[in-house]
Structure formats: C-alpha cells, structure tokens
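Descriptive structure summary
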Amino acid sequence: MNERLFRAVEDRRDDLVALTSDLIRFPTVNPPGEAYAPCAEFLAGRLRRSGFQIQFVRGEGTPGDSDRYPRTNVVARREGRGPGATVHFNSHIDVVEAGEGWTVDPFAGTVKDGRVYGRGACDMKGGLAASVIAAEAFMAVYPDYPGAIEISGTADEESGGFGGGAFLARKGFFSKPRVDHVIIPEPLNKDRICLGHRGVWWAEIETRGQIAHGSMPFLGDSAIRHMGAVLRAFEEELFPALDRKQTRMPVVPEGARRSTLNLNSVHGGQTEDFFPGLPSPNVADSCRLVLDRRFLIEEDIAEVKGEVTAILDRLKRERPKFDYAIRDLMEVLPLMTERDAPVPKALAAGIRDVFGKEPDYVISPGTYDQKHISRIGHLHDCVAYGPGILDLAHRPDEWVGIEDMVESAKVMAVGLDALLRGEKAR
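Below: a short report on this structure.

**Concerning the overall build of the protein**
Within the protein, the regular secondary structure consists of 10 helices and 16 strands. In summary, the protein has a C-alpha radius of gyration of 24 Å against a globular reference of 22 Å for 426 residues, a match within 12%. Taken over the C-alpha atoms alone, the protein extends approximately 80 × 45 × 40 Å along its principal axes. The 426 residues of the protein split such that 56% are buried. Of the contacts made within the protein by residues no fewer than 6 positions apart, 80% connect residues no fewer than 24 positions apart. Carbon and sulfur atoms make up 49% of the accessible area of the protein, which amounts to about 18,100 Å² in all. Here the protein contributes 54 positive and 64 negative side-chain charges, whose respective centroids are spaced 2 Å apart.

Shown next as structure tokens:
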C-alpha cells in the first residue's frame, strides 16, 4: 500500500530539490538572526498554497529579539476530515555563519552531482523541505485523513532555541491536546532514529585580579595567570576523569559516549576595541572562560557542577589572591525517548519499508529542540529523524544528498500514515 506514497514522493523530487535550494538562499544566520521573517514568510506561502492555516509567532523578549532581528516563527496547521491525532514536523530555519573555506557560494543553493550545497543544506533545510514534501504527498494520496498535520519553522535553535522552540513550547504549541506526536528532521542519517541527546551545562568562570602598570606586574595581580591555574587543573584532573565516564546511551559518534568538556572561549584583559591601534600596558584584572560540559544520563547535574567548583574552591584555598565567580548560562538534562513509543515505531516501519532493514537507534552528542518539547511542553513522543550526515553540519561546502532527501521523505510519509490512519495504514 505504501507504493502510492512512494510514487507521490518521487513525483515531487524536482520540487523537493527546488524547495531546498530556495530555503538555503535565505541567509538566516544566527547570531544575529538575519532573514528570519522573509524565510518564515516564504515557507508560509508555500504551505498556505497546500491548504495550511498559518500563524506567525514572534519570540518577544527572548535573547537577541529586536525590531531589527525579530525572532519570527511560523506554525502551519492543516486539519483532516475527522477527529484524530496531530503530527507535528518541527524544523529550525536558522543556520550558523558560513565561515571560510567554501568552494561554492554558501547561500546559492547550488545543485550538482546529486547534492544540494549551501549553509543549512544538511542542518536542516533539507530536512524541512523533505517534511513538507512528505506531508504534501500524504495529503494527495489520502485526502480524507483524520486528525491534523502541523509544520513549523522556528528560530534560534543554533543558539539554544529560546526564541523558537522554547518560546512556542511555553505558549502551548508542543503540548496536548494540541499536538500528540513530533518529528524533528535533524540530520542524523536516513536510516537512523535519534531518541534524544546528552545533557549540557554551559557556564562562565571569571577569575579576578588587580590592575597595574604592565612594566611593574608585581604591583598588580594577573587574572589571566589565575585562569591559567584553572586550565592546568582541568588538564591534569578534570579531563582525565571525564574520559573514564562511559554511558549506556547509544551516542554517535562513539567518541561522544563519554563525558566531554569544551573550552568554548577565553577573554582576558583589555577588549580589542583599540584596533587598529596598540594596547596599553596593563595587568589584567579580569579573565573569563566559557565552558561547554556535555554529560551522560548516568550523571547528576549537581555532580557535574560540583566537579568544577571543587577545583575552583581548592584553588581559592591554596593559591594566593585567587578569587572567582561562576554563573550558569544554560543547563539541559539528558533525555531518551523509548523505542516502543508511537513515533519511533512509525518511523521504524518506514525505514523497514524503504531500506529493507531495521533502523539504528542513536543519541545525539549535542542537544536540539527536543529538549524544549519534552521539558517545557511535557510531550515525550518526540524524536529526530531526517536526511543528511551530521558530520557535515557547520562545515564548509555543507551539502545534503538528493536521494537521501527523497528516501527520508518516503519514511516520513509512511510514519505520518501510521500515526494518523493507524490500522488503515497496514
């Protein structure tokens, strides 16, 4: 019976490629949040023509939101012919900066050699386009479907999702009775179902000193040297301890099946406002370190934070004049949806039908908007599934395979059929 769905997706192959390229041409770079509104309006126009009702929701008051860079989200809904469940496809429209090293225009949506190239092609405008095609193919084959279908394009996922997925979750867009099932087309490979993610704790550590003339540093106290002591303790104590922590979660790649710490940035002393001139000779009285700690479902958040503060407190006792402050920037607990929940089961059926194999079940090393849907919306039947290779995300010459998008759209269409029509789908 799924052959009709497969043909309907295949008939829209060229449309899928064109839609992906069109979405890439909106340079929705975050930060600062460029081109959100025109991209959301373009997507809305496409879905309106397919019979969806459109709602724009601005994440007012969220980090980065302003009249110049409004956090514009679009939510589209198409009711079926009778009562039933609601399936929601949630994609983020923001992308990271292009960076250097490209051999193609990162915002041209170039099509060549069976791929679509551009910033966001893989992460995740190809997945967004595939979900639109899957929904349109399903509606063409089964116009009398029960329930409802929703598709959203949300802001700010790359910087935490607070103006997008989190804001919508607080407004009830990802909670029952409005929505029952959520699929997030993130690029975790077309034959994998991503059940969740590791936890994350972002924090900023500031070491403090005393300013003095740079020719007489002994009259001051260098905050940068104090931060050096912190980094040395991390290297000698914390990093080896984290390497020894392993998880039962099926995290990919394998190197992420342990606790990790990334030193995201260090800023000490004067700002760089003096460019193109020269700095003045000062002892640094402040040094700030942003850390990105990824932790496992077996770890407690209090333990995660305690490993860091124990080192800082010991340095305060042992190192003359050492003082510090620490503040939380973000914390998200690990989560993992059960394999036998309705959405994983429905997508597994699609993977079996399209690829003739059982799906791989994985956990993402980083977080995505599932965290907001689960923790704020209290909707736990949610996974990530979409086309694209995760390793290509955020890199130069990012691309998504056309065949991968087509096959993923088929899987999504089968999953949509199973979730809305149930027994009739078999």
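Picking up where we left off.
**Quick word on the sheet that holds strand 10 (residues 260–268)**
Ordered by their spatial adjacency, four strands build an open sheet running 10-11-9-12, and the pairing between neighbours is antiparallel. Taken across any chain shown, the strands that pair with only one partner, and hence form the sheet edges, are strand 10 and strand 12 (324–332). In this sheet, adjacent strand axes meet at a mean angle of 15 degrees when their direction is disregarded. Packing of helix 6 (residues 223–243) onto the sheet brings it into contact with strand 9 (199–208), strand 10 and strand 11 (286–295), and relative to strand 11 it is tilted by some 15 degrees. In the packing of helix 7 (residues 301–318) onto the sheet, contacts are made with strand 9, strand 11 and strand 12, and the angle to strand 12 comes to roughly 170 degrees.

**Some details on the pattern of salt bridges**
On inspection of all chains with the given rule, the structure shows 34 salt bridges. For the salt bridge of Arg-294 with Asp-292, the shortest nitrogen-to-oxygen distance reads 2.6 Å. Asp-292 matches Arg-294 in its accessibility class, with the two residues each being buried. Salt bridges sharing partners connect three or more residues here, namely Lys-245, Arg-293, Glu-299, Glu-303 and Glu-307.

**Some details on the side chain of His-88**
Tracing the backbone through its elements, the reader meets His-88 in strand 3 (residues 82–92). Sequence-distant contacts of His-88, that is, excluding residues within four places in its chain, are made with Val-75, Glu-150, Ile-151, Ser-152, Phe-174, Val-179, His-181, Val-182 and Ile-183.

**Quick look at the nonpolar core**
Of all hydrophobic cores here, the largest spans 66 residues; its most connected members are Phe-138 and Ile-149. In terms of nonpolar packing, the next biggest core, distinct from the first, is built from 24 residues, Trp-201, Met-227, Val-230 and Val-304 among them.

**Structural notes on the environment of Ile-24**
Among the secondary structure elements, Ile-24 is positioned in helix 2 (residues 13–24). The exposure class assigned to Ile-24 is buried, which follows from its relative accessible area of 0%. Here the alpha-carbon distance between Ile-24 and Asp-328, two residues 304 residues apart in the chain, equals 34 Å. Filtering out sequence-adjacent residues up to four positions away, Ile-24 remains in contact with Pro-106, Phe-107, Gly-109, Val-116, Tyr-117, Gly-118, Arg-119, Ala-121 and Lys-125.

**Here we look at the environment of Phe-162**
Checked against the element boundaries, Phe-162 lands in the loop between strand 6 (146–154) and helix 5 (165–170). Phe-162 sits in the partly exposed class, given a relative accessible area of 29%. Contact partners of Phe-162, with chain neighbours within four places excluded, come to Thr-62, Pro-63, Asp-156, Phe-167, Met-330 and His-372.

**Some points on the packing of helix 8 (residues 342–355) against helix 10 (residues 402–421)**
Following both chains from N to C, one finds helix 8 and helix 10 inclined at 130 degrees, their axes separated by 8 Å at the closest point. Regarding the angle of helix 8 to helix 10, the classification is oblique. Here helix 8 runs over helix 10; the crossing is right-handed. Two secondary-structure elements touch here, helix 8 through Pro-342, Val-343, Ala-346, Leu-347, Ala-349, Gly-350, Ile-351, Asp-353, Val-354 and Phe-355 and helix 10 through Glu-407, Lys-410, Val-411, Met-412, Val-414, Gly-415, Ala-418 and Leu-419. Residue classes in the contact of helix 8 with helix 10 are distributed as 13 nonpolar, two polar and three charged.

**Some thoughts on helix 1 (residues 2–10)**
Buried within helix 1 are the following residues: Asn-2, Leu-5, Phe-6, Ala-8 and Val-9. Seen along its axis, helix 1 keeps its buried residues to an arc of 160 degrees; they face one direction. Looking at the buried positions of helix 1, the neighbouring elements they touch are helix 2, helix 4 (121–141), helix 8 and helix 10.

**A short note on the pairing of strand 7 (residues 181–184)**
Residues His-181 and Ile-183 of strand 7 are buried on one face, and the alternating residues Val-182 and Ile-184, pointing to the opposite face, are buried as well. Two elements, strand 3 and strand 7, share three bridges in a ladder whose sense is parallel. From the neighbouring strand, His-88 faces strand 7, where its bridge partner is Val-182. Two elements, strand 7 and strand 15 (residues 382–384), share three bridges in a ladder whose sense is parallel. By the bridge assignment for strand 15, Val-182 is matched with Cys-382.

What counts and how
- Residues numbered from 1 in each chain as written.
- Predicted model: local features only at pLDDT ≥ 70, side-chain atom pairs only at ≥ 80, totals over all residues.
- Heavy atoms only, no water.
- Helix = DSSP H or I, 4+ residues; strand = E, 2+ residues; numbered from the N terminus.
- Rg over C-alpha atoms; globule rule 2.2 N^0.38 Å.
- Buried < 20%, exposed > 50% of the residue type's maximum accessible area, 1.4 Å probe, protein only.
- Contact = heavy atoms within 4.5 Å.
- Areas by Shrake-Rupley, 256 points an atom, 1.4 Å probe, with all protein chains shown as cover.
- Lys, Arg positive; Asp, Glu negative; His and termini not counted.
- Charge placed at Lys NZ, Arg CZ, Asp CG, Glu CD.
- Pairing = 2+ DSSP bridges.
- Axes fitted to C-alpha atoms, helices over the stretch in contact; angles between N-to-C directions.
- Salt bridge = Lys/Arg side-chain N within 4 Å of Asp/Glu carboxyl O.
- Core = buried A, V, L, I, M, F, W, Y, C linked by side-chain atoms within 4.5 Å.
- Parallel < 35°, antiparallel > 145°, perpendicular 65-115°, else oblique.
- Left-handed = near helix turned anticlockwise from the far one by under 90°.
- Nonpolar A, V, L, I, M, F, W, Y, C, P; charged D, E, K, R; others polar.
- Arc of directions from axis to C-beta.

Treat this as a map of the structure, not an account of what it does.
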